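# Secondary and tertiary structure notes
What follows is the residue order along each chain.
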Amino acid sequence: MATMLFVGTNGSEDPTKSVLPFLGANGAIEAGHAPQIALLGDAVVLVKGVVADNVHPVGWPPLAELIDAVVKNEVPIHV
């Protein structure tokens, strides 16, 4: 098992890029690793409920679903 840090710097202005750390963390969980997420700069607003509920990336699940999955798996999110 490896510990992995996924860093996000994109906020709600780019919905598709903003979900990448959450997608990576969910993939790491499925592979049996211990991920962590760090949100920097514009990405810090993603943890606000009203923002997360309105981020819908192209080709990926909504951000709110991805956040629910990492929270359920007790992934640390550093803001």
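Residues numbered from 1 in each chain as written. Predicted model: local features only at pLDDT ≥ 70, side-chain atom pairs only at ≥ 80, totals over all residues. Heavy atoms only, no water.

Broken down by element type, the protein carries four helices and three strands. Element order for the protein, N to C, with α for helix and β for strand: β-α-α-β-α-α-β. Counting only C-alpha atoms and orienting by the principal axes, one finds that the protein spans roughly 35 × 25 × 20 Å. Relative to its full complement of 79 residues, the protein shows a buried share of 34%. Sequence-distant contacts in the protein: of pairs separated by 6 or more residues, those separated by 24 or more amount to 73%. Roughly 4500 Å² of accessible area belongs to the protein as shown, and the carbon and sulfur atoms make up 57% of that amount. (Helix = DSSP H or I, 4+ residues; strand = E, 2+ residues; numbered from the N terminus. Buried < 20%, exposed > 50% of the residue type's maximum accessible area, 1.4 Å probe, protein only. Contact = heavy atoms within 4.5 Å. Areas by Shrake-Rupley, 256 points an atom, 1.4 Å probe, with all protein chains shown as cover.)

For the rest of this paragraph, the subject is the side chain of Ser18. Considering the arrangement of structural elements, one finds Ser18 in helix α1 (residues 15-18). On the basis of relative accessible area, Ser18 is assigned to the buried category, the value being 2%.

Attention now moves to the environment of Ala52. With respect to the secondary-structure elements, Ala52 resides in helix α3 (residues 49-52). According to the relative accessible area criterion, Ala52 is buried, its value standing at 5%. Residues Ala52 and Gly27, spaced 25 residues apart in sequence, show a C-alpha to C-alpha distance of 19 Å. With near-sequence residues (within four places) excluded, Ala52 lies in contact with Leu46, Leu63, Ala64 and Ile67.

Generally speaking, nonpolar side chains in soluble globular proteins are found buried as a group. Of all hydrophobic cores here, the largest spans 16 residues; its most connected members are Val19, Phe22, Ile37, Leu46, Val55, Leu63 and Val70. Those elements giving two or more residues to this core turn out to be α2 (20-30), β2 (34-39), α3 and α4 (63-72). Ranked by residues supplied to this core, first place goes to α4 with four residues. When sequence neighbours within four positions are dropped, the list of residues in contact with Val55 reads Ser12, Pro15, Ser18, Val19, Leu46, Pro62 and Leu63. (Core = buried A, V, L, I, M, F, W, Y, C linked by side-chain atoms within 4.5 Å.)

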